[in-house]
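Now for the letters of each chain:
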Amino acid sequence: MAAVFAAGVGAGAINSVVGSGTLITFPVLLATGLSPVTATVSNALGLIPGSISGAIGYREELRGQRRRVLKLSVGALMGGLTGATLLLALPEDAFETIVPVLVGLALVLVALQPRIGKWVQRRRARTGASPRRDGGPLLFTGLTLASVYGGYFTAAQGIIYLSLMGTLLDEPLQRLNAVKNVLAAVVNTVAALFFLFAADFDWTAVGLLAVGSALGGYGGAKVGRHFKPVVLRTLVVTVGTVALVQLLLR
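Residues numbered from 1 in each chain as written. Predicted model: local features only at pLDDT ≥ 70, side-chain atom pairs only at ≥ 80, totals over all residues. Heavy atoms only, no water.

What about the overall build of the protein chain?
Within the protein chain, the regular secondary structure consists of twelve helices and zero strands. When the 250 residues of the protein chain are sorted by exposure, 52% land in the buried category. Surface accessibility of the protein chain: about 11400 Å² in total, with carbon and sulfur atoms responsible for 68%. (Helix = DSSP H or I, 4+ residues; strand = E, 2+ residues; numbered from the N terminus. Buried < 20%, exposed > 50% of the residue type's maximum accessible area, 1.4 Å probe, protein only. Areas by Shrake-Rupley, 256 points an atom, 1.4 Å probe, with all protein chains shown as cover.)

Description of the nonpolar core
Counting residues in each nonpolar core, the largest one holds 48 residues, and the members touching the most others are Leu29, Leu72, Leu143, Tyr161, Met165, Leu183 and Phe195. With ten residues, helix α10 (residues 173-196) is the single largest residue contributor to this core. (Core = buried A, V, L, I, M, F, W, Y, C linked by side-chain atoms within 4.5 Å.)

Examining the confidence of the model for the protein chain
Averaged over all residues, the pLDDT of the protein chain equals 81, while 82% of them reach at least 70. Taken element by element, the protein chain is modelled with least confidence in helix α7 (residues 98-127), mean pLDDT 66, and with most confidence in helix α11 (residues 203-224), mean pLDDT 91. (pLDDT = per-residue confidence, 0-100.)

Looking at the packing of helix α9 (residues 157-168) against α10
In contact at an axis separation of 9 Å, α9 and α10 are set at 135° when each is read in the N-to-C sense. By the angle class used here, α9 and α10 are oblique. Taken as a pair, α9 and α10 cross one another with a handedness that is right-handed. Along its contact with α9, which presents Gln157, Gly158, Tyr161, Leu162, Met165 and Gly166, the element α10 presents Leu173, Leu176, Asn177, Val179, Lys180, Leu183, Ala184 and Val187. (Axes fitted to C-alpha atoms, helices over the stretch in contact; angles between N-to-C directions. Parallel < 35°, antiparallel > 145°, perpendicular 65-115°, else oblique. Left-handed = near helix turned anticlockwise from the far one by under 90°. Contact = heavy atoms within 4.5 Å.)

Structural notes on the environment of Val186
Its location among the elements puts Val186 in helix α10. For the pair formed by Val186 and Gly79, sequence separation is 107 residues and the distance between their alpha carbons is 9.9 Å. Setting aside its immediate chain neighbours within four residues, Val186 contacts Ser73, Ala76 and Leu77.

Side note on helix α4 (residues 48-57)
With respect to burial, α4 is a largely interior element, seven of its ten residues being buried. If you follow the buried residues of α4, they end up packed against α1 (2-17), α3 (36-46), α5 (59-62), α10 and α11.

With respect to the pattern of salt bridges
According to the stated counting rule, one finds four salt bridges in the structure shown. Ionic pairing is found between Arg68 and Glu171, a salt bridge with its closest N-O pair at 3.2 Å. Here Glu171 lies in the loop between α9 and α10 and Arg68 lies in helix α6 (residues 66-89), a separation of 103 residues in the sequence. Assigned by exposure class, Arg68 and Glu171 land together as buried. Where Glu171 meets Arg175, a salt bridge forms, and the shortest distance between an N and an O atom there is 2.8 Å. (Salt bridge = Lys/Arg side-chain N within 4 Å of Asp/Glu carboxyl O.)

A short note on the side chain of Ser16
Mapped onto the elements, Ser16 comes out in helix α1. On the accessibility criterion, Ser16 (1% relative accessible area) is buried. A distance of 2.9 Å separates a polar atom in the side chain of Ser16 from the backbone oxygen of Ala13. At 3.3 Å, the side chain of Ser16 and the backbone nitrogen of Ala221 are in polar contact. Here Ser16 is in contact with Gly54, Tyr58, Asn177, Lys180, Asn181, Gly216, Gly217, Gly220 and Ala221, once residues within four sequence places are set aside. (Polar contact = N/O pair within 3.5 Å; in protein donor to acceptor, adjacent residues only side chain to side chain.)

Observations concerning the packing of aromatic side chains
Tallied over the entire structure, the rule returns two aromatic pairs. Each ring, one from Phe194 and one from Phe195, has its centre 6.1 Å from the other, and the planes form 65°; the classification is edge-to-face. Here Phe194 falls in the partly exposed class, since its relative accessible area comes to 26%. (Phe/Tyr/Trp six-rings, centres within 6.5 Å; stacked < 30°, edge-to-face > 60°.)

Notes on the packing of α1 against α10
Where α1 meets α10, the closest approach of the two axes is 8 Å, and the angle between their N-to-C directions is 130°. In terms of their interaxial angle, α1 and α10 are classed as oblique. Mapping the contact onto sequence places Asn15, Ser16 and Val17 in α1 and Asn177, Lys180 and Asn181 in α10. By residue class, the composition of the contact of α1 with α10 is one nonpolar, four polar and one charged. (Nonpolar A, V, L, I, M, F, W, Y, C, P; charged D, E, K, R; others polar.)

Below is the structure:
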């Protein structure tokens, strides 16, 4: 119980700042004897309070983004529900091949985001095009597909969100991180609500993760929102690299 609670605190903090908290909680839940599916659904429900508290901690960075958040949340909702359905319908190893590829590509995009942003700005200056505040159909589609994966497993989901938004939106990384927390909360919530009617939970694990992640999510946001962009980007790439290695070794 202490290990699950501690994992919840750590996952909540990491999720609010970077993402990939599931890579902490999932192995711990498996070590307690839970099956992979029960661990996944219990993890999804238990981390909802952490996603919400992380979004609350980033509320200042969310100002002025209401329309964008509402639009992208629709894609997150549809993707999360689809991913939750696939979790119960597909073999447990169905995503094992594609997930490391997605995470690796996301890390490259996050690392190169400053250069990509400058290239996009130069291109817009030449063509006279104005940036789209919502990222257009490409971002909506990409985040919806990322949310399908999030509803299925969630590990490194936040890093994929940040890479897509950082490439297609002209916004500071901290503001994008705030949007990421809201989208993660939407995906976790819709997936967990679906699982309530279709899967078995371990309610002790859910309760411990819920309390731990709520504390960690808010604390992580209070600290993480003051990181400089280069520090936050370095942290994203570092945690993402650890996540990628762990996914490849599973």
